[in-house]
Amino acid sequence: MANSMTGFGRGEASGSGYQFSIELKSVNHRFLEVVVRMPRYLSSFEERIRKTLQDKFQRGRIEVHVNVVEIEERKRLVKVDNDLALSYDKTLKELALALHTAYETDIYRLVSFPEVLAVEEAELDLDALWETCSQALSKATDGFGQMRSSEGEKLTIDLLQRINLIAEYLNTIAERAPYVVADYQERLHERLQTLLGEVELDGVRLANEVVYFADRASITEELVRFDSHLSQSREALRSSESVGRKLDFLVQEMNREINTIGSKANDLKIGQQVIKVKSELEKVREQIQNLE
């Protein structure tokens, strides 16, 4: 069945001294838009996350929130600037010589000078971190997809019921259509009789007028096209592909057909059914805005 564009999913995974928590939330959107919010030092993951979601979903504005917690203290490394230490030592020797003072290299004094020693955190293993991140993302997308599927199933059931109801209204219109011409002929005959009184009616001209009206008021083609649109809508709703835009187009076409039916038939009973069809089509149009 069709999927909804709204959903929520959450996934967690731990590894390499970090815990990843990823949340996915989506709302309706004409196309697919992925917005990723995550720590800057992991910005290289953004395109991978975006690609993962693009491979799984077709429409909706998906917000991705990536939270990372360091659960193990990262190793620290002490680095020595050898060149700087040697430069300090050389300068001190030259100073001692200029002052005629004895000088002996003292390593402990040298390492106390600024920037000779520096404490640095070990570099992040981005490949290992991505492995953990992707595990959390996979769990989040699974729950996210299930929710969109579940919501889509409910929407599909509702839409199929409305489509079947519209089909019933169309059947009523189709059953009424043959009587429109007969009613018109009867009304026309009565009107002419009233106007002409005792003057004999021209049967040929009356028949021609009725034929002209029948051709102008025929709604057979519109009913056939409308029925085809309903069949395509049912087929689309039973598909697991992205069908929102296709259904939107079909609803536009059905609105066009029912407007033509209402204007051509010019019949009170058909007009009542036309109003019912338009009302249901508006509800269908609102619902399909939620479909992927």
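Residues numbered from 1 in each chain as written. Predicted model: local features only at pLDDT ≥ 70, side-chain atom pairs only at ≥ 80, totals over all residues. Heavy atoms only, no water.

1. A few points about the nonpolar core
Part 1: In terms of nonpolar packing, the biggest core is built from 31 residues, with I173, F226, L230, L247, I258, I261 and L291 touching the most fellow members.
Part 2: Elements with a contribution of two residues or more to this core: α4 (126-196), α6 (220-237), α7 (244-265) and α8 (268-288).
Part 3: Element by element, the count of residues in this core is highest for α4, at nine residues.
Part 4: If we ignore the near neighbours within four places in the chain, the residues touching L247 are S233, A236, L237, I288 and L291.
Part 5: Counting 24 residues, the second largest nonpolar core, distinct from the first, contains I49, V64, L129 and A136. (Core = buried A, V, L, I, M, F, W, Y, C linked by side-chain atoms within 4.5 Å. Buried < 20%, exposed > 50% of the residue type's maximum accessible area, 1.4 Å probe, protein only. Helix = DSSP H or I, 4+ residues; strand = E, 2+ residues; numbered from the N terminus. Contact = heavy atoms within 4.5 Å.)

2. Brief notes about the sheet that holds strand β2 (residues 18-27)
Part 1: One open sheet accounts for four strands, arranged β1-β2-β4-β3; its pairing is mixed. Edge positions in the open sheet fall to β1 (7-15) and β3 (32-37), since each of these has one partner strand only. Within the sheet, the average angular offset between the axes of one strand and its neighbour, ignoring direction, is 15°.
Part 2: As defined by bridge partners, β2 adjoins strand β4 (residues 60-70) across ten bridges and the pair is classed as antiparallel. By the bridge assignment, Y18 is partnered in β4 with E70.
Part 3: Across the sheet, helix α1 (residues 46-56) touches β2, β3 and β4, and the angle it forms with β3 is around 145°. (Pairing = 2+ DSSP bridges. Axes fitted to C-alpha atoms, helices over the stretch in contact; angles between N-to-C directions.)

3. A word on the environment of L247
Part 1: In this structure, L247 sits in helix α7.
Part 2: C-alpha of L247 to C-alpha of H229: the two residues are 18 residues apart in sequence and 9.3 Å apart in space.

4. Observations concerning the pattern of salt bridges
Part 1: If you walk through the whole model with that rule in mind, you get 20 salt bridges.
Part 2: Between E12 and R10 there is a salt bridge, with the nearest N and O atoms lying 2.8 Å from each other.
Part 3: For E12, a relative accessible area of 33% corresponds to the partly exposed category.
Part 4: Looking at R10, the relative accessible area reads 43%, which means it is partly exposed. (Salt bridge = Lys/Arg side-chain N within 4 Å of Asp/Glu carboxyl O.)

5. Some points on α7
Part 1: Between the first and last C-alpha of α7 there are 31 Å, a value that for 22 residues agrees with the 32 Å anticipated at 1.5 Å per step.
Part 2: Among the residues of α7, those classed as buried are G244, L247, L250, V251, E253, M254, E257, I258, I261 and A265.
Part 3: N266 sits one or two positions beyond α7 and adopts a positive phi of about 50°. (Expected span 1.5 Å × (residues − 1).)

6. Description of the packing of aromatic side chains
Part 1: Taken as a whole, this structure holds three aromatic pairs when the rule is applied.
Part 2: For the pair F45 and W130, a centre-to-centre distance of 5.3 Å together with 65° between the ring planes defines the contact as edge-to-face. Separated by 85 residues along the polypeptide, F45 in the loop between β3 and α1 and W130 in helix α4 bring together distant segments of the chain.
Part 3: Given the relative accessible area of 15%, W130 is considered buried.
Part 4: On the basis of an interplanar angle of 85° and a centroid distance of 5.0 Å, the ring pair of F57 and F144 is categorised as edge-to-face. Highlighted residues: F57 in the loop between α1 and β4 and F144 in helix α4, separated in sequence by 87 residues. (Phe/Tyr/Trp six-rings, centres within 6.5 Å; stacked < 30°, edge-to-face > 60°.)

What is shown is where atoms sit, not what they do.
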